[in-house]
Amino acid sequence: MNVVDRFLQYVKFDTQSDELTNMTPSTPGQMVFAEFLKGEMEKLGLKDISLDENGYLMGTLPGNITDRKVPVVGFIAHLDTSPDMSGHNVSPRIVKNYDGEDITLNADKGIVLSPSQFPELLDYKGQDLIVTDGNTLLGADDKAGIAEIMSAVDYMIAHPEIKHGDIRIAFNPDEEIGQGAHKFDVERFGAEWAYTMDGGEIGELEYENFNAAVAHVTFNGRNVHPGYAKHKMLNSMRVATQFAIMLPRWETPEHTEEYEGFYHLVSIEGTVEKTVITYIIRDFDRDRFERRKKELEHLARKINHEFPGCCELEIKDQYYNMREKIEPVMHVVDIAKQAMENAGVPPKVTPIRGGTDGAQLSFKGLPCPNIFAGGLNFHGRFEFVPVPSMEKAQDVIVEIARLVGERQ
């Protein structure tokens, strides 16, 4: 089975994660998918296969180098898809030899994937693209990564002339809700380093990411009949909006790029009596990241000075920039760059404007840069993946295994 056939099979599994269940995996579909992949691993003849109660699936492709010790390298992808859009009844199709024009995803609903809105489409003119039917996300994040890893393992089994050490693979739940690495057993995985196949467009290679935190800001109001509310009512929603506009207007996702950080207002739930707003805080620089958190604390104090006892602030760190853990072992990045070049893929070393399981794993002792899986426009109906990008990702995995096998 080739990488495309695997991918088209995998996206049929509904694996949206859900941060509200407080379970691991957070949704039952992820375990169903993990069980399916476990069966596929067994058919391929992998060793040391394990699937724990939390949905972490691991296996080993045994090495075929016997005259010396070779480092154990790992490849990791996540089972879940984003809760931002439905992953139920995904119905992909392949657009053959894309002509550079608009792609109608859903004629009845007038949903069109157009290069006028997504100019990156034109980079893939002449290639086969896998797209959605406009009703769901596609699931290339990260089922493309899973398909690439499984296909690379399958290829190495069929081509024993490719010499490699032990290859560990792992598929984990709940990456999309920031919990993918929480219960990942690094010691059991047993790799010296690994790569998450969870990046975007072809060539991406990432070893630095945002420092990240989430802030919940609660505003406690006081409700009184509006006809008699003068000097009595305290409308928590109005105070919440006052807080929101005190933050820098230009330091938001829609106004930032590259190494610029931001505050992102992700939800508002409120009544006159009580309003809760939630922010995510992001910055590559650790000092600026800490200053952003302190700015929220400063604004909360200002609100409480004007409205005593109104504002409650809770900030929780989520993950940190893995660069500080990767730089001491830069050979893991150099090997990936060389593998891409050998596979005919120009490396694009870029920072991740987001998070990755690799960041948390790096801080747990498993250095783990991120490599492209090939998809674009993740988390929505306009998601697509070029077929050649997935094929090249598979090639890069095989080439990394070969290069590690050659290390003395």
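Described below are features of the structure shown in this document. Nothing here was measured: the structure is a model prediction, and the numbers come from that model. (Residues numbered from 1 in each chain as written. Predicted model: local features only at pLDDT ≥ 70, side-chain atom pairs only at ≥ 80, totals over all residues. Heavy atoms only, no water.)

**Some remarks on the overall build of the protein**
No. 1: Of the regular secondary structure elements, the protein holds ten helices and 17 strands.
No. 2: For the protein, whose C-alpha radius of gyration is 23 Å, the value lies close to the compact-globule estimate of 22 Å for 408 residues.
No. 3: Burial status across the protein gives 54% buried among its 408 residues.
No. 4: Within the protein, contacts between residues separated by at least 24 positions form 79% of all contacts whose residues are at least 6 apart in sequence.
No. 5: Accessible area for the protein stands at about 18200 Å²; split by element, carbon and sulfur atoms hold 49% of it. (Helix = DSSP H or I, 4+ residues; strand = E, 2+ residues; numbered from the N terminus. Rg over C-alpha atoms; globule rule 2.2 N^0.38 Å. Buried < 20%, exposed > 50% of the residue type's maximum accessible area, 1.4 Å probe, protein only. Contact = heavy atoms within 4.5 Å. Areas by Shrake-Rupley, 256 points an atom, 1.4 Å probe, with all protein chains shown as cover.)

**Details of unusual backbone geometry**
What you tend to see is this: most non-glycine residues have negative phi, and most peptide bonds are trans.
No. 1: Note the cis peptide between T24 and P25, where omega equals -5°.
No. 2: Within the secondary structure, P25 is located in the loop between α1 (3-10) and α2 (28-44).
No. 3: Cis peptide bonds are those with omega within 30 degrees of zero, and the linkage from D141 to D142 qualifies with 15°.
No. 4: Secondary-structure assignment places D142 in helix α3 (residues 140-158).
No. 5: You will see that D174, though not glycine, has its phi angle at about 65°, which is positive.
No. 6: Note on placement: D174 falls in the loop between β8 (167-172) and α4 (186-189).
No. 7: A positive phi angle is found at E258, which is not glycine, with a value near 50°.
No. 8: Within the secondary structure, E258 is located in the loop between α5 (236-246) and β12 (262-270).
No. 9: Relative accessible area serves as the criterion here: at 54%, E258 is assigned to the exposed category.

**A few points about the pairing of strand β1 (residues 47-51)**
No. 1: Where β1 lies against strand β2 (residues 57-61), three bridges are found, and the strand directions are antiparallel. When the bridges of β2 are listed, L51 appears paired with L57.
No. 2: In sequence, β1 turns back onto β2 through a hairpin of five residues, with G55 there showing a positive phi of about 90°. (Pairing = 2+ DSSP bridges.)

**Considering the packing of α1 against helix α10 (residues 387-406)**
No. 1: Contact geometry of α1 with α10 gives a least axis separation of 10 Å together with a crossing angle of 110°. Between α1 and α10, the angle falls in the class roughly perpendicular. On α10, the residues that touch V3, V4 and F7 of α1 are V387, M390, E391 and Q394.
No. 2: Residue classes in the contact of α1 with α10 are distributed as five nonpolar, one polar and one charged. (Axes fitted to C-alpha atoms, helices over the stretch in contact; angles between N-to-C directions. Parallel < 35°, antiparallel > 145°, perpendicular 65-115°, else oblique. Nonpolar A, V, L, I, M, F, W, Y, C, P; charged D, E, K, R; others polar.)

**Quick word on the sheet that holds strand β13 (residues 274-283)**
No. 1: Strand order in the open sheet made by the four strands is β12-β13-β11-β14, with antiparallel pairing throughout. Where the open sheet ends on each side, the last strands, each with one partner, are β12 and β14 (311-319). Recorded for the sheet is a direction-independent mean angle of 15° between the axes of neighbouring strands.
No. 2: In this sheet, β14 lies alongside strand β11 (residues 211-220) in antiparallel orientation, the contact comprising eight bridges. Its bridge partner lying in β14, H216 is registered against E314.
No. 3: In this fold α5 packs onto β11, β12 and β13, with an angle of close to 15° to the strand it touches most, β13.
No. 4: Each of β11, β12, β13 and β14 is contacted by helix α6 (residues 286-306), which is oriented at about 165° to β14, the strand it contacts most.

**Topic: the sheet that holds β8**
No. 1: If you walk across this open sheet you meet the eight strands as β1-β2-β8-β3-β9-β16-β10-β15, and the pairing is mixed. Among the strands making up the open sheet, the edge pair consists of β1 and β15 (348-349).
No. 2: Pairing between strand β3 (residues 73-78) and strand β9 (residues 193-199): four bridges, direction parallel. Bridge assignment links I76 to a residue of β9, and that residue is T196.
No. 3: Against the sheet, helix α8 (residues 331-342) touches β9, β10 (204-206), β15 and β16 (370-372), its axis set at about 55° to β9.

**Considerations on the packing of aromatic side chains**
No. 1: Overall, the coordinates contain 15 aromatic pairs when judged by the stated rule.
No. 2: Every member of this aromatic cluster is reached through a ring pair, and the members are Y10, F13, F33 and F36.
No. 3: The side chain of R286 reaches across the aromatic face of Y320, ending 3.9 Å from its centre.
No. 4: A cation over a ring is seen here: R292 above Y263, with NZ or CZ 4.9 Å from the ring centre. (Phe/Tyr/Trp six-rings, centres within 6.5 Å; stacked < 30°, edge-to-face > 60°. Lys NZ or Arg CZ within 6 Å of the ring centre and 35° of its normal.)

**Details of α3**
No. 1: Counted at 1.5 Å a residue, the expected span for α3 with its 19 residues is 27 Å, and the 25 Å between its end C-alpha atoms agrees.
No. 2: Among the 19 residues of α3, 15 are classified as buried, and the element is accordingly described as predominantly covered. (Expected span 1.5 Å × (residues − 1).)

**Let's talk about the nonpolar core**
No. 1: By size, the foremost hydrophobic cluster in this structure holds 67 residues, and its most contacted members are F7, F171, Y195, I371 and I400.
No. 2: Looking at which element gives the most residues to this core, the answer is α10, with ten residues.
No. 3: What F7 contacts, discounting residues up to four positions off in sequence, is I130, L138, G139, A140, K143, A144, A147, V385 and M390. (Core = buried A, V, L, I, M, F, W, Y, C linked by side-chain atoms within 4.5 Å.)

**Notes on the packing of α2 against α3**
No. 1: The geometry of α2 relative to α3 is characterised by a closest axis approach of 11 Å and an angle of 10° between their N-to-C directions. Between α2 and α3, the crossing angle belongs to the class labelled roughly parallel. Where α2 abuts α3, its residues F33, L37, E40, M41 and L44 lie against K143, I146, M150, D154 and I157.
No. 2: The residue makeup of the contact of α2 with α3, split by class, is seven nonpolar, no polar and three charged.

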